[in-house]
Amino acid sequence: MSRTVPVDEIRRPAVAQDEEARLRELGYQPVLARRMGGFGNFAISFSVISVLSGCMTLYGFGLGTGGPAVMMWGWAGVGLFVLCVGLALAEVTSAYPTSGALYYMADRLGGRRWGWYTGWLNLLGLLGAIAGIDYGAALFTGAFLNLQWGIAPTAGSTFLIFLAILLLHAVLNLFGVRLVSVLNSISVWWHLAGVALIVGALAFVPDRHQSVGFVFTEFVNDTGWANPFYVAAVGLLLAQYTFSGYDASAHLSEETSNASVSAAKGIVRAIWVSWIAGFALLAGLTFAIQDYAGTQNSATGVPPAQILLDALGSGGATALLLVVIVAQLFCGNAEVAAASRMVFAFSRDNALPGSALWRKVSSRTQTPVPAVWLAVGVAALLAVPSLYSATAYGAVTAINVIGITPAYAIPIYLRLRAGDRFTPGPWSLGRWSRPIGWTAVIWVAVVTVIFCLPQKSPVTVDSMNYAVIALTVVLVLASVWWYVARRSYGTPRAYGTAREEAEIAEGIV
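So, here is what we can say about the structure in this document. Treat the numbers as computed from the prediction; the structure is a model and nothing was measured. (Residues numbered from 1 in each chain as written. Predicted model: local features only at pLDDT ≥ 70, side-chain atom pairs only at ≥ 80, totals over all residues. Heavy atoms only, no water.)

Topic: the pattern of salt bridges
- The final tally for this structure, using the stated rule, is four salt bridges.
- Between Glu91 and Arg415 there is a salt bridge, with its nearest N and O atoms 3.1 Å apart. You can see Glu91 sitting in helix α6 (residues 67-95) and its partner Arg415 sitting in helix α20 (residues 392-418), a full 324 residues away along the chain.
- The exposure class assigned to Glu91 is buried, which follows from its relative accessible area of 1%.
- On the basis of relative accessibility, which here comes to 11%, the residue Arg415 falls in the buried class. (Salt bridge = Lys/Arg side-chain N within 4 Å of Asp/Glu carboxyl O. Helix = DSSP H or I, 4+ residues; strand = E, 2+ residues; numbered from the N terminus. Buried < 20%, exposed > 50% of the residue type's maximum accessible area, 1.4 Å probe, protein only.)

Now the structure itself:
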């Protein structure tokens, strides 16, 4: 017997049909618009990594925490290990292409509690990333205003700029994923051209450059700690912070065509392209340092701005700062998109207080509007301590790393533990899966410990690393909320079926 095929089903691409069928197999009814292509998916992770955001905003931190040697060699080494993490995560993403991403993978591979804690860690990291990226953009905007009009940046003015940037990103994300995808595609070329322009200008314009020996071997320690290995380890924060956020490709998978392949490729491509671009940027900046102490104590409040000013003059520095600020705005916009999808997905499975509100999707734009506002609102609260403490920004970036990095390793570890019970998706590492996966898990365990350590000595209220406190608070709150929400929380096994099976397994029913 023949059946009548609806017109909208005929017009829908075959790939989209397959992905939507796969999403239903994973337990979810498609409600988001699948309007992002493979390049757009790569672009969102590349935009979130954003070497013009991470490398530039933490460059001053790197100058005093190991100096050029740790920045350059740390970038090369951290990039290699992060590529292993990305490869292993991409394999699991290919099998479970959902907006929930990390927590959904952990839930399916390890059970409800694994998914629960992974989700809360991932959410902490994503919200910390919005705060870190947009506050960094506010710092650079303050430096731009200082160079252009002589306006001295203050904690209050920087925070107001930060709030304006958050509002801009919220509004842009409310227009739908197609605009986000277009902006991310522009962002890729803006970043690559921006890095080339900055490195080229710093290579050819200044009359004086630092030596190769200085750039690759000069060790500077302004931390107060005596052990150089400890200082070098803490100095890895610059690279590890920059190399985060590539799970954005997974979070946008429900809005990506051929997501089982495109999201996996997007993660890996974003990492290796950023690895190359970031190394070139760090080398260009470091070769061009004219006055090390003057760079560290710049009146602009941003050491890279002082490098540009000393090397290129006021006009050139102002123009290139504008290039960096636009790149950072692209970065923050992409991170808001990724975080809001995580909020939406986590609420869809009833994991957040007020889940019924945060999972609502606009019928006009097919965008999770309340989730967007929640993401930027929490990010604003995370940056409030910057009004009172000069070290708060470093704490926010550490919160991002300490939250999101362990969340990357959990689904990878569970995939390794599952062994042959894991069914790979169309993008797989094959026989390299286990060695790459274990390398990724061990690396994440090491850096998680490192970034809980104090970064300055003596340890005071101002210099303390508050990342470990943020991590503890989130884990405690997640544990408390588990006993409230565990009856309603759960990822479905197939769309339209009840969750009794999972609840019976947990002894709830």
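Structure's up, so let's keep going.
Section: the side chain of Ser50
- As for its placement among the helices and strands, Ser50 is situated in the loop between α3 (38-49) and α4 (51-57).
- For Ser50, a relative accessible area of 0% translates into the label buried.
- Once residues within four sequence positions are removed from consideration, Ser50 is found in contact with His191, Thr242, Ala327 and Cys331. (Contact = heavy atoms within 4.5 Å.)

Focus: helix α21 (residues 433-450)
- Over its 18 residues, α21 extends 26 Å from the first C-alpha to the last, a length consistent with the 26 Å expected when each residue adds 1.5 Å.
- Restricting attention to buried positions, one finds in α21 the residues Ser433, Ile436, Gly437, Ala440, Val441, Trp443, Val444, Val447, Thr448 and Ile450. (Expected span 1.5 Å × (residues − 1).)

What about the nonpolar core?
- Ranked by size, the top nonpolar core spans 157 residues in total, and within it Tyr96, Tyr246, Leu281 and Phe346 carry the most contacts.
- Take this core: its biggest share by element is 19 residues, from helix α17 (residues 303-348).
- For Leu281, the residues in contact, after removing those within four places along its chain, are Val51, Leu52, Cys55, Met56, Val195, Ile198 and Val199.
- Listed in part, the ten residues of the second largest apolar core include Met36, Val48, Leu252 and Ala337. (Core = buried A, V, L, I, M, F, W, Y, C linked by side-chain atoms within 4.5 Å.)

Quick look at the packing of helix α8 (residues 112-149) against helix α9 (residues 155-174)
- Where α8 meets α9, the axes come as close as 8 Å, and the angle between the chain directions of the two elements is 125°. Overall, the two elements α8 and α9 adopt an arrangement that is oblique. The crossing of α8 and α9 is right-handed. Two secondary-structure elements touch here, α8 through Ile130, Ala131, Asp134, Tyr135, Ala137, Ala138, Leu139, Thr141, Gly142 and Leu145 and α9 through Thr158, Ile161, Phe162, Ile165, Leu166 and His169. (Axes fitted to C-alpha atoms, helices over the stretch in contact; angles between N-to-C directions. Parallel < 35°, antiparallel > 145°, perpendicular 65-115°, else oblique. Left-handed = near helix turned anticlockwise from the far one by under 90°.)

Quick look at the side chain of Glu335
- Mapped onto the elements, Glu335 comes out in helix α17.
- For the buried Glu335, no salt bridge is present, and the opposite-charge side chain at shortest range is Arg341, 11 Å distant.
- If near-sequence neighbours (up to four positions away) are discounted, Glu335 is found in contact with Val48, Leu126, Ala129, Ile130, Ile133 and Gly245. (Lys, Arg positive; Asp, Glu negative; His and termini not counted.)

Everything listed here is a matter of coordinates, which is why it stays silent on function.
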